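# An overview of the molecular structure
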Amino acid sequence: MVEKGKSIKNKTQLVTISNDCFLFSRGFLLESINQPFPLWELSKNPAKEVFIEKDGKALSELGRKGKQRILYIQKMKSIFINKKGRSHNLDYDFPKKLYLEFINKKKKEDVEDIKDFCIFPSLGEMEKLFDEYKQAGIEGVPEFAKAFNEEVPEEFKKEEEVQKEIIRKINLKFIWKKRKELKNFVDDYLNNRISYHKILWLNKQMESVSLALMDPNNFLWKQIKAGEEWESIKDDRRIEEVIGMKNINNMFLIEANRVYGHFAYCCLELFLDILDEKKIFCCKNCGQYNYIANHSDRKYCNQKENAKCYKNRKAKYSRNYRKKKTCG
């Protein structure tokens, strides 16, 4: 069952990159991204991190007790989200409308409250980001080390942390700029200022969204449904299922979304809300954006949406009422 009010009705695979590394466009990383899809969808650990080396090779932990060290320029995760918004990120449930939560942030530092929020920049945006990294003193694409069953030298770790801090600030600034773009589009939509040519901006963001065929009875969806106990789910798959050799004629396939980055996920939600003519509004008191589940024309937050705003308005109403009563 789809969570009431949720924009995205399909099961969704969200591919993410790290803000601690240089941000690359989806096109630039395409070959690297395609490599780990079987690992994510067929393995027992679909939340496994994948590290991209300088030559584009994608590697993950071998799962053995032997020592392993990977030098990477970017790392990726795959988050599978079911119709209720549950995923393998057990400490974070996706909201009904991520794009409203995103544009409601008041400071760029608040964006980090949304776990691992990321954007795959366009090629032009990537080039501008590379200029900013260079101006900040980082020459060339930095490599970072991930070690398994061994320790990375302390001096190497210290140098990494300095670079990551610089990179993260630049990336956060970029994300905040994209938040402004999305907010401006939402404002124009709410105030009937969207002419047809402005739709081109949203269409451009949708290039980071594609369709995929998935098996809803796959082991990973059982894990997600089980929630916090997913690791204890009995793996009773046959070998042909584990290696992806089960014939598609013997399974029920559905249409699913594949989305590259949280920003594209936000834009997909907005895209679907516009198609469905879903109602959203901006509170006249505090400026928070909210979704209207029914057909009412509310102008203010209710207590559930923003308790502080609701309390302030009630207090103001009471003061005005007492003032009128005294004057009367």
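Okay, so let's go over this structure. (Residues numbered from 1 in each chain as written. Predicted model: local features only at pLDDT ≥ 70, side-chain atom pairs only at ≥ 80, totals over all residues. Heavy atoms only, no water.)

### Some words on the pattern of salt bridges
A full pass over the atoms with the stated rule returns 18 salt bridges. A salt bridge links lysine 97 to aspartate 273, with the nearest nitrogen and oxygen atoms 2.9 Å apart. Here lysine 97, found in the loop between strand E5 (74-81) and helix H3 (98-103), pairs with aspartate 273, found in helix H9 (residues 262-276); they are 176 residues apart in sequence, far enough to count as distant. Each member of the pair, lysine 97 as well as aspartate 273, is classed as buried. Between aspartate 297 and lysine 279 there is a salt bridge, and its shortest N-O distance comes to 2.8 Å. Within this pair, whereas aspartate 297 is found in the loop between strand E10 (289-292) and helix H10 (307-327), its partner lysine 279 is found in strand E9 (residues 279-282), the two being separated by 18 residues in sequence. (Salt bridge = Lys/Arg side-chain N within 4 Å of Asp/Glu carboxyl O. Helix = DSSP H or I, 4+ residues; strand = E, 2+ residues; numbered from the N terminus. Buried < 20%, exposed > 50% of the residue type's maximum accessible area, 1.4 Å probe, protein only.)

### Remarks on the nonpolar core
Grouped together as the largest cluster of nonpolar side chains are 68 residues, with contacts concentrated most on Ile33, Tyr99, Phe102, Phe117, Leu182 and Tyr265. No other element matches the 8 residues that helix H5 (residues 154-190) contributes to this core. Setting aside anything within four residues of it in sequence, one finds leucine 182 in contact with Tyr99, Phe102, Ile103, Trp201, Phe263, Cys266, Cys267 and Leu270. Phe281, Cys283, Cys301 and Cys309 belong to the second-largest nonpolar core, a separate cluster that totals 5 residues. (Core = buried A, V, L, I, M, F, W, Y, C linked by side-chain atoms within 4.5 Å. Contact = heavy atoms within 4.5 Å.)

### Here's the deal with the environment of lysine 225
Counting through the fold element by element, lysine 225 comes out in helix H7 (residues 219-226). For lysine 225, a relative accessible area of 67% corresponds to the exposed category. Spatially, the C-alpha atoms of lysine 225 and histidine 88 are 9.4 Å apart, while their sequence positions differ by 137 residues.

Geometric values such as these leave the question of function open.
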